[in-house]
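Report on the structure
Residues per chain are reported as follows:
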Protein chains: 2
Amino acid sequence: MTVPKSFRRVVIENVDPEINGGRFAITRMTGESVWVAADIFADGHDVLGAALQYRKESEKSWKEVPLLLINNDRWEGQFKVATPGKYFYTLRGWVDPFKTWSRDLAKKAAAGQDLSLDLKAGAQLLLAAAKRASTSDAGVLREVAEKFSKLDGADGQGALDLAQYEDLNLLMSAYRNRTADTIYGNELAVRVDRQRARFSSWYEMFPRSCTTTPERRGTLRDCAEQVEYVAKMGFDVLYLPPIHPIGMTERKGKNNSTTPAPSDPGSPWAIGSKQGGHKSIHPELGTLSDLQALREKAQQYGIELALDLAYQCSPDHPYVKEHREWFRSRPDGSVQYAENPPKKYQDIYPLDFENEHYPALAEELKSVVLFWISHGIRIFRVDNPHTKPFAFWEWLIGEIKSEFPEVIFLAEAFTRPKVMYQLAKLGFTQSYTYFAWKNTKAELTEYFTEITQPPVREFFRPNLWPNTPDILNEYLQKGGRPAFIARLVLAATLGANYGIYGPPFELCENKPVREGSEEYLDSEKYQIRLWHRTYCVAA
Amino acid sequence: MTVPKSFRRVVIENVDPEINGGRFAITRMTGESVWVAADIFADGHDVLGAALQYRKESEKSWKEVPLLLINNDRWEGQFKVATPGKYFYTLRGWVDPFKTWSRDLAKKAAAGQDLSLDLKAGAQLLLAAAKRASTSDAGVLREVAEKFSKLDGADGQGALDLAQYEDLNLLMSAYRNRTADTIYGNELAVRVDRQRARFSSWYEMFPRSCTTTPERRGTLRDCAEQVEYVAKMGFDVLYLPPIHPIGMTERKGKNNSTTPAPSDPGSPWAIGSKQGGHKSIHPELGTLSDLQALREKAQQYGIELALDLAYQCSPDHPYVKEHREWFRSRPDGSVQYAENPPKKYQDIYPLDFENEHYPALAEELKSVVLFWISHGIRIFRVDNPHTKPFAFWEWLIGEIKSEFPEVIFLAEAFTRPKVMYQLAKLGFTQSYTYFAWKNTKAELTEYFTEITQPPVREFFRPNLWPNTPDILNEYLQKGGRPAFIARLVLAATLGANYGIYGPPFELCENKPVREGSEEYLDSEKYQIRLWHRTYCVAA
């Protein structure tokens, strides 16, 4: 191999934070500082300089702040992220001939050596910098170079006074030769979110249960009546399970029964009927303007509305007829329903992301988010994201956040840790956690040590839920009211985001559908519950 | 952004070993296994497969061995490296539709469900694989697919017997669709060295001291007489300080005096005189054939000869006249000597790697190595590599090892830890360490924990020296013979490479040039010592 003609002497490595070699962004909140550290060194004993460069995605040119040497060749610096969106940062390092010269001059002066030749060498450095300088600064540099040349080599103090003059050092920094700088190979990204991405308290509630009488199902307008109650408990996000029309085919009855009564309302996650799909509101819940009214009421109390994003269909969803190609077929030509063998979920058709129709499907799913954004929604709780391809989420969230950086996506992925982390890396703003199953001190310590250390803490924002409509853990089942209190305090203090599924939580509802199950008895997923008659309205 | 039309579902990350995101190779010894682990996972619940791919640099096609799932989405596998040189490895992962189908079939069969449609789906998978198969294998696959279709959906055991038949599974693996595999983004390298790179015991000796009378200086032939003595102590590398002509200008006298006596031999590291430079042997030491005789004698005792590679020149080195452009100038036009202000080393001219003449200089320095290789030398101890650019070493060692993978380079870089590690990463086979200054249990524990853990252990092969001609540490100065014994035992047992500078070491020579210095009194660097008269010959 021929000898490479040029090389860069400075090495920059072991940059922190950096996720997967720069493949993924770190996350920060507006107003935070991004602290960056790196090992920066070169051969030999020259004085080095280093800087942190950063820019917002929309900006072309880098801003630069100095990195400072901490110790053991570790350098550190920081920049602030002011607004939601994407920032980039990288690092540069260089050998600094002027500072090296200046350091050596001081040592020689202290030893009483003759400095004549050193002053001449210094003058050469100044004249070289003058060539890169503005006309007026070049004049100054040439003037000082002249002084260097005239100085007596025995006048150590005179030499140091000149060499260490602050304005000269600023000019020599400003006009140093940058062509041999080492620039770190990766441009690293920061996803900057608004403050609620990091600090939020969620309350999940089924609007249809916002009623005090079995004769009338709760509506979005009834839900609005509960906003004050929710606000008084200190929550600032009100999350509604899917509010869309619910399928009739294979509808589930009370306690997940496959033989529903005609009056059973069905699971809100069996989305879609003749009355519409993911862009429609269940007629029994109300209208878009009812949703707007609820959103505005909530806003008055400092509460934001969050909707559910559950990308799956009931057999009655309009997509099934209009876009049969978005679903998988069984060998008999029927649509493939959801399965977890031997369990069958015949009321749910998963979407098929693995065929040539994927781009159209992805665009449609994006349009669902944009639809709700156009109706003022900025927070989405995403149902089971781990059963859809990673590449889809990265694309979807990237698309949405490039236009609406204030949008928050909460990943409901109760799956293997590395899959949960991957979803966070590729764009989810917050993530449900294993908190519900960490009850002992040892479990809590181990888990919270893991998620509050690098690298996890750089990309994963935990949201702690002591319960959900799917999770009534054994601790709550058996611990009575003290267990509910303890779990709430832990959720609210171990992390900056937490949530509860109420009113069952505050009512200390603790009966499982059967021994050994984490499902609620008479779960609201399949029937209307009259919590509000017994408690909430009164409160 | 338009939706990417295709994506790969499997993620491969957190690969171990991987140095600086694949920028550098790991090191292994011939005959060792390279164990590789990675996090490999996908969305959903499908069964995955994964393989480790590897090849020698000279081979075009990859060999493939399976990776096995250990737990928590961590997979592991290994391959052997047989011969010195460079190997590459990478990983691939995939979703396995047949194994997923087979797993689900077993669950459904166990639950007594009807399998008719599942068998048809299985047949479809077999027919798809048949299209990718050889003619005869395709026939087998079609035949089994036919059997699947004919099977009774209620015959669970029959279905499982067919689906789990080993030969079928081998065919379905062999002919699976590889087009959607995820291939890890980095091709990772392994530098494989011969066994002496990892296991070696070095003995450093000044040939000119191989004499019993002050009237006659030791020669390479005298040195050969000491080989048996060295071998009996169990060493297998005999390292000679530079054997080249020594400059007269600014020659140093006894104890580094600047006023040498006419008879003072000078420091072997002040390389070059009218008699030649880096490709010459000091006439007082002997000739190339004397060196060959020494090398052959050593070989008979299982000892390899190591030479010193000290890229610096005395003012009398032929390079100074012939290639003035390889040296830096002072402002008065004189050659810049080595400095560590306020210290001056006027007997040493460093080479200048930072100008347009660098390629010619680099080629010349490479030719020095090739010259000694052509005279049978395969081990080089490199003097102060940290004062030359990293890029130079990476190029030089890469060049040499691509042709002579058996060559060993020992880096004598007593500098900051990250610089030492960097030199190891970019190609040095072994490295001197801080061992000489780690004396207490706590110091030893801390240091050896650091260098025996990943990532350091993957690229850094320590060589432990209790003393060198530059280092007589305080522990040896003050501890007497027990200190020498303890330090030898530690050096020989804490690592797989160690060395001593003898005979002073085995003679327990412990007088420093002055209190507080680590330099030897009457150091052999500047004068001839008659160790051999007092001890070695008798032994």
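Model, not experiment: these values are computed from the prediction.

This part covers the overall build of chain A. Helix and strand content of chain A: 17 helices and 22 strands. Taken over the C-alpha trace, chain A has a radius of gyration of 31 Å; the compact-globule value for 539 residues is 24 Å, which it surpasses by more than 25%. With respect to the three principal axes, the spread of C-alpha positions in chain A is 105 × 55 × 40 Å. A buried classification covers 56% of the 539 residues belonging to chain A.

Glancing now at the sheet that holds strand β1 (residues 10-16) of chain B. Residue and element names in this part refer to chain B. The sheet built from 4 strands is open, its strands ordered β1-β3-β7-β6 with antiparallel pairing. Each having just a single partner strand, β1 and β6 (68-71) make up the two edges of the open sheet. Taking each pair of neighbouring strands and ignoring which way they run, the sheet shows an average axis angle of 35 degrees. With 3 bridges joining them, β6 and strand β7 (residues 74-80) adopt antiparallel strand pairing.

Let us now look at the relation of the copies chain A and chain B. Here chain A sits on chain B after a turn of 180 degrees about the axis and a move of 0.0 Å along it, with an RMSD of 0.0 Å. Such a turn and shift between the copies fits a two-fold axis. Taking C-alpha positions as reference, the residue of chain A nearest the rotation axis is A:G21, located at 3.1 Å. Of the residues that chain A buries at the interface, 100% are likewise interface residues in chain B, meaning the two copies contact each other through the same surface.

On to the sheet that holds strand β11 (residues 200-204) of chain B, then. Residue and element names in this part refer to chain B. Ordered in space as β21-β20-β19-β18-β13-β12-β11-β22, the 8 strands form an open sheet in which the pairing is parallel. Each edge of the open sheet carries a strand with a single partner, namely β21 (462-463) and β22 (497-501). Here 2 bridges tie strand β20 (residues 430-432) to β21, and the two strands are oriented parallel to one another. Bridging across to β21, S431 finds its partner in P462.

Okay, the state of the cysteines next. Considering all chains together, one arrives at 0 disulfides over all chains under this definition. With no disulfide of its own, A:C210 lies 4.2 Å from the sulfur of A:C223, the closest cysteine sulfur.

Summed over the entire model, instances satisfying the criterion amount to 68 aromatic pairs over all chains. Ring centres of A:W101 and A:F148 lie 5.4 Å apart, and the angle between their planes is 25 degrees; on these two criteria the pair is classed as stacked. A residue pair is termed long-range when its members are at least 10 positions apart, and A:W101 in helix α1 (residues 97-110) and A:F148 in helix α3 (residues 135-150) qualify at 47 residues. Each member of the pair, A:W101 together with A:F148, is buried. Ring geometry for A:Y358 against B:F7: centres 5.0 Å apart, planes inclined by 75 degrees, an arrangement best described as edge-to-face. Within this pair, whereas A:Y358 is found in helix α11 (residues 358-374), its partner B:F7 is found in the segment before β1, the two belonging to separate chains. We note that A:Y358, like B:F7, is buried.

Further remarks concern the interface of chain A and chain B. Taken residue by residue, the interface counts 56 residues in chain A and 56 residues in chain B. Buried surface at the junction of chain A and chain B, both sides included, amounts to about 5,000 Å², of which 59% is carbon and sulfur. The largest share of the area that chain A buries against chain B comes from A:V3, A:F7 and A:K418, three residues that together contribute 14% of it. Applying the counting criterion to the chain A and chain B interface returns 10 salt bridges.

Once that is clear, we can look at the pairing of strand β8 (residues 85-95) of chain B. Residue and element names in this part refer to chain B. When you tally the buried positions in β8, you get 9 out of 11 residues, the bulk of the element. Taken together, the 9 bridges between strand β4 (residues 48-56) and β8 define a ladder with antiparallel strand orientation. Looking at the pairing, Q53 lines up with T90 of β8. Pairing of β8 with strand β9 (residues 182-183) involves 2 bridges; the strand directions are antiparallel. The partner of G93 across the bridge, within β9, is T182.

Take the environment of A:F199 next. Counting through the fold element by element, A:F199 comes out in the loop between α6 (195-198) and β11 (200-204). Separated by 205 residues in sequence, A:F199 and A:F404 have C-alpha atoms that sit 19 Å apart.

This part takes up the confidence of the model for chain A. When pLDDT is averaged across chain A, the result is 96; 99% of the residues are at 70 or more. With a pTM of 0.95, the predicted complex shows an ipTM of 0.95.

Let us now look at unusual backbone geometry. Of note, the amide linkage connecting A:D16 to A:P17 takes the cis form, showing an omega dihedral of 0 degrees. On the secondary structure map, A:P17 appears in the loop between β1 (10-16) and β2 (26-29). The step from A:G502 to A:P503 runs through a cis peptide bond, and the omega angle for that step is -5 degrees. Inspection of the secondary structure puts A:P503 in the loop between β22 (497-501) and α17 (531-536). The phi dihedral of B:D73 is positive, around 60 degrees, even though this residue is not glycine. Position of B:D73 among the secondary structure elements: in the loop between β6 and β7. In this structure, B:C508 takes a positive phi of about 55 degrees despite not being glycine. Mapped onto the fold, B:C508 is located in the loop between β22 and α17 (531-536).

Moving on, we get to the packing of helix α3 (residues 135-150) of chain B against helix α5 (residues 166-174) of chain B. Residue and element names in this part refer to chain B. Their axes nearest at 11 Å, the elements α3 and α5 cross at an angle of 120 degrees. When the interaxial angle is binned, α3 and α5 end up oblique. Considering how the two elements wind past one another, α3 and α5 form a crossing that is left-handed. Seen from α3, the contacting residues are D137, V140, L141, V144 and F148; seen from α5, they are L168, L171 and M172. Across the contact of α3 with α5, the residue classes tally to 7 nonpolar, no polar and 1 charged.

What follows concerns helix α11 (residues 358-374) of chain B. All names here are of chain B. When the terminal C-alpha atoms of α11 are compared, their 24 Å separation across 17 residues agrees well with the 24 Å that a helix rising 1.5 Å per residue should span. Looking at the buried side of α11, the elements it contacts are α9 (288-300), β13 (304-309), α10 (318-322), β18 (379-383), α12 (390-403) and β19 (408-412). At the C-terminal side of α11, G376 shows a positive phi close to 90 degrees.

In this section: the environment of A:L530. All names here are of chain A. Position of L530 among the secondary structure elements: in the loop between β22 and α17. You can call L530 buried: its relative accessible area is 19%. On a C-alpha basis, the gap between L530 and D316 in space is 28 Å, while along the polypeptide they are 214 residues apart. Leave out the neighbours within four places in its chain, and L530 touches T211, T212, T213 and P214.

A cluster of acidic residues, B:D114, B:D152, B:D155 and B:D161, forms a negative patch on the protein surface. Tracing the backbone shows B:D114 in the loop between α1 (97-110) and α2 (116-132).

What counts, and at which threshold
- Residues numbered from 1 in each chain as written.
- Chains lettered and ligands numbered in written order.
- Predicted model: local features only at pLDDT ≥ 70, side-chain atom pairs only at ≥ 80, totals over all residues.
- Heavy atoms only, no water.
- Helix = DSSP H or I, 4+ residues; strand = E, 2+ residues; numbered from the N terminus.
- Rg over C-alpha atoms; globule rule 2.2 N^0.38 Å.
- Buried < 20%, exposed > 50% of the residue type's maximum accessible area, 1.4 Å probe, protein only.
- Pairing = 2+ DSSP bridges.
- Axes fitted to C-alpha atoms, helices over the stretch in contact; angles between N-to-C directions.
- Least-squares fit on C-alpha atoms with pLDDT ≥ 70 in both.
- Contact = heavy atoms within 4.5 Å.
- Disulfide = S-S within 2.5 Å.
- Phe/Tyr/Trp six-rings, centres within 6.5 Å; stacked < 30°, edge-to-face > 60°.
- Buried area = accessible area lost by both parts, 1.4 Å probe.
- Salt bridge = Lys/Arg side-chain N within 4 Å of Asp/Glu carboxyl O.
- pLDDT = per-residue confidence, 0-100.
- Parallel < 35°, antiparallel > 145°, perpendicular 65-115°, else oblique.
- Left-handed = near helix turned anticlockwise from the far one by under 90°.
- Nonpolar A, V, L, I, M, F, W, Y, C, P; charged D, E, K, R; others polar.
- Expected span 1.5 Å × (residues − 1).
- Patch = residues over 30% accessible without salt bridge, like charges linked within 9 Å, V, L, I, M, F, W, Y side chains within 5 Å.
- Areas by Shrake-Rupley, 256 points an atom, 1.4 Å probe, with all protein chains shown as cover.
- Lys, Arg positive; Asp, Glu negative; His and termini not counted.
- Charge placed at Lys NZ, Arg CZ, Asp CG, Glu CD.

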